Amino acid sequence: MTSTTKTDAQHGLGEHSHGGGTGIPQSSRGSRFTSYDVEAFEVPGGREEDWRFTPMKRLKGLHDGTATATGNIKVEVAGEGATVETVGRDDARIGNGGIPADRIAAQAWSSFTEATVVTIGKDTKPEGPITITVHGPGEGQVAFGHLQVRAEQFAEAVVVVDYRGSGTLGDNIEFVVADGAQLRVVSVHDWADDATQVSSEHATLGRDAVFRHLAVTLGGDLVRVNTTVSYGDKGGDAELLGLYFADAGQHLEHRMLVDHAVPNCRSNVLYKGALQGDSAHSVWIGDVLIRAEAEGTDTYELNRNLVLTEGARADSVPNLEIETGEIEGAGHASATGRFDDEQLFYLMARGIPQDQARRLVVRGFFGELLQKIAVPEVRERLEAAIEAELAVVGA
């Protein structure tokens with residue numbers, strides 16, 4: 001039995017439309033092209049399904065080969081319990097996580113000279129988090145990077161990947177989670193206002209492996225993150241969470257593919273975003289593919305967006321593709337709207353000023369995700385960042 005369910009929605013305060021037309025992918029995500037060779041990909045023009053929401057001119061040449069490396073990123077790793085290596089392109093482990101699926105990812109793959117490999121050894125369970133700080137190449141500079149995080153058999157670790165600074169960056173990250181391992185990742189994109197980043201994340205899970213990933217996107221002019229999860233054996237469990245806050249002029253884009261190709265695996269996707277200011281734009285594309293052989297799959301994906309001011313726009317497209325009827329469960333949903341007037345009225349009727357009431361609503365909106373951050377200092381930093389965002393318009 002084969003069935004496909006797809007939903008497309010565009011939301012904005014100036015316009016509101018639903019579905020149809022170019023919103024539906026042209027073919028199954030299972031047949032998407034992958035290659036390490038940048039020349040195997042055509043230069044995107046912006047009309048393709050994978051690029052139609054992205055402002056191509058703001059990619060600063062990452063997509064067409066005109067962006068060449070003029071600087072370097074700086075990678076710092078802190079925390080105990082992991083081995084850190086700087087390796088060349090010929091290291092046999094590079095590529096264990098996945099293969100590039102678009103031209104920028106392939107460009108980044110072919111352009112990096114050194115990769116950072118962070119390994120949590122077999123049965124290792126570090127007490128504290130491992131923090132990987134990636135500093136941009138600097139204002140006006142371009143760099144390409146490659147990072148791999150490995151959790152070997154039965155390892156358990158929390159990893160924070162923290163992007164900071166300025167410049168233009170195209171990069172790939174691999175998360176390799178071995179049999180029985182548990183890897184929890186918080187990825188924070190807190191760039192300066194000038195920064196452009198296009199990042200591809202590749203995660204592969206072994207038997208009974210657990211992968212928890214929370215992406216937080218706050219800074220930068222344009223940030224586009226593509227996350228792909230694949231399962232190598234039965235029992236894999238992936239949770240993809242996301243929190244983003246777009247200000248005036250910012251473009252924040254998250255795309256993901258959860259590829260269920262083996263039986264008895266689980267995935268859960270929950271992304272929440274807030275937008276404020278003229279031309280603030282967020283994009284969320286969630287693809288879940290359940291292949292014919294992936295019996296016993298249990299999956300759900302949800303995206304919610306809160307539009308705080310006029311002129312902001314959120315595009316949300318959940319796609320669920322099912323090739324077998326023998327599953328535990330599958331579903332998806334998407335919702336975008338303004339403040340709930342009833343919530344505001346309830347709070348204001350109890351003597352809370354409107355500005356404070358609006359802040360409480362936003363805090364509650366993001367609270368579910370912030371509570372899942374196991375590193376207190378990171379959680380407190382993000383709570384403060386959200387407060388600072390709200391203060392911009394006096395929300």
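Look up a bit, the structure's there.
Given the structure is predicted, the values throughout are model-derived calculations rather than measurements. (Residues numbered from 1 in each chain as written. Predicted model: local features only at pLDDT ≥ 70, side-chain atom pairs only at ≥ 80, totals over all residues. Heavy atoms only, no water.)

(A) Representation of helix 3 (residues 354–370) within the structure. Spanning 17 residues, helix 3 covers 23 Å between terminal C-alpha atoms, matching the ideal 24 Å at 1.5 Å per step. Of all bends in helix 3, the biggest is about 30°, found at G364. Among the residues of helix 3, A357, R358, V361, V362, F365, F366, G367, L369 and L370 are the ones counted as buried. (Helix = DSSP H or I, 4+ residues; strand = E, 2+ residues; numbered from the N terminus. Expected span 1.5 Å × (residues − 1). Bend = angle between axes of the 7 residues up to and from the residue. Buried < 20%, exposed > 50% of the residue type's maximum accessible area, 1.4 Å probe, protein only.)

(B) Local environment of the environment of Q182. Structurally, the position occupied by Q182 is in strand 11 (residues 182–189). Taking C-alpha positions, Q182 is 10 Å from A238, a pair spaced 56 residues apart along the chain. Setting aside chain neighbours within four positions, we find Q182 in contact with A155, E156, A157 and V210. (Contact = heavy atoms within 4.5 Å.)

(C) Representation of the sheet that holds strand 19 (residues 298–307). Here we have nine strands laid out as an open sheet, ordered 4-7-9-11-13-15-17-19-21, and mixed in their pairing. The open sheet has two edge strands, strand 4 (74–78) and strand 21 (329–337), and neither has a second partner. Sheet twist, expressed as the average angle between the axes of neighbouring strands with direction ignored, equals 10°. Across 10 bridges, strand 17 (residues 266–275) lies against strand 19 in parallel orientation. Bridging across to strand 19, G273 finds its partner in N305. Packing of helix 3 onto the sheet brings it into contact with strand 13 (210–217), strand 15 (237–246), strand 17 and strand 19, and relative to strand 17 it is tilted by some 150°. (Pairing = 2+ DSSP bridges. Axes fitted to C-alpha atoms, helices over the stretch in contact; angles between N-to-C directions.)

(D) Inspection of helix 1 (residues 103–111) at higher detail. For helix 1, the buried fraction is high: seven of the nine residues fall into the buried class. The N-cap of helix 1, judged by a side-chain oxygen 3.0 Å from the amide nitrogen of I104 a few residues on, is D102. (Polar contact = N/O pair within 3.5 Å; in protein donor to acceptor, adjacent residues only side chain to side chain.)

(E) Main features of the environment of K234. Among the secondary structure elements, K234 is positioned in the loop between strand 14 (222–231) and strand 15. Residue classification places K234 among the partly exposed positions, given a relative accessible area of 38%. Sequence separation between K234 and E310 is 76 residues; the distance between their C-alpha atoms is 47 Å. Each residue touching K234, except ones within four places of it in the same chain, is listed here: G206, R207, D208, V262, P263, N264 and C265.

(F) Main features of the side chain of S166. Tracing the backbone shows S166 in the loop between strand 9 (156–164) and strand 10 (168–177). With a relative accessible area of 18%, S166 lands in the buried category. Of note is the side chain of S166, whose polar atom sits 2.9 Å from the side chain of D194. Look past the residues within four positions of S166 in its chain and what remains in contact with it is G136, P137, G138, E139, W191, A192, D194 and A195.

(G) Inspection of the packing of aromatic side chains at higher detail. What the rule picks out here adds up to seven aromatic pairs. Ring geometry for Y36 against W109: centres 4.9 Å apart, planes inclined by 50°, an arrangement best described as tilted. Pair noted here: Y36 is in the loop between strand 3 (16–18) and strand 4 and W109 is in helix 1, with a separation of 73 residues, a long-range link. Grouped by ring-pair contacts, the aromatic residues F245, F365 and F366 constitute a single cluster. (Phe/Tyr/Trp six-rings, centres within 6.5 Å; stacked < 30°, edge-to-face > 60°.)

(H) Spotlight on the packing of helix 3 against helix 4 (residues 376–392). Running from N to C, helix 3 and helix 4 cross one another at 150°; their axes reach a closest spacing of 11 Å. Looking at the two axes, helix 3 sits roughly antiparallel to helix 4. Seen along the crossing, helix 3 lies across helix 4 with a hand that is right-handed. Together, R359, V362, R363, F366 and L370 of helix 3 and R379, L382, E383, I386, E387, L390 and A391 of helix 4 make up the contact between the two elements. (Parallel < 35°, antiparallel > 145°, perpendicular 65-115°, else oblique. Left-handed = near helix turned anticlockwise from the far one by under 90°.)

(I) Representation of the environment of Y244 within the structure. The residue Y244 is located in strand 15 in this model. Residues Y244 and E310, 66 residues apart in the sequence, show an inter-C-alpha distance of 18 Å. A distance of 2.5 Å separates a polar atom in the side chain of Y244 from a polar atom in the side chain of N305.

In short, geometric facts, not functional conclusions.
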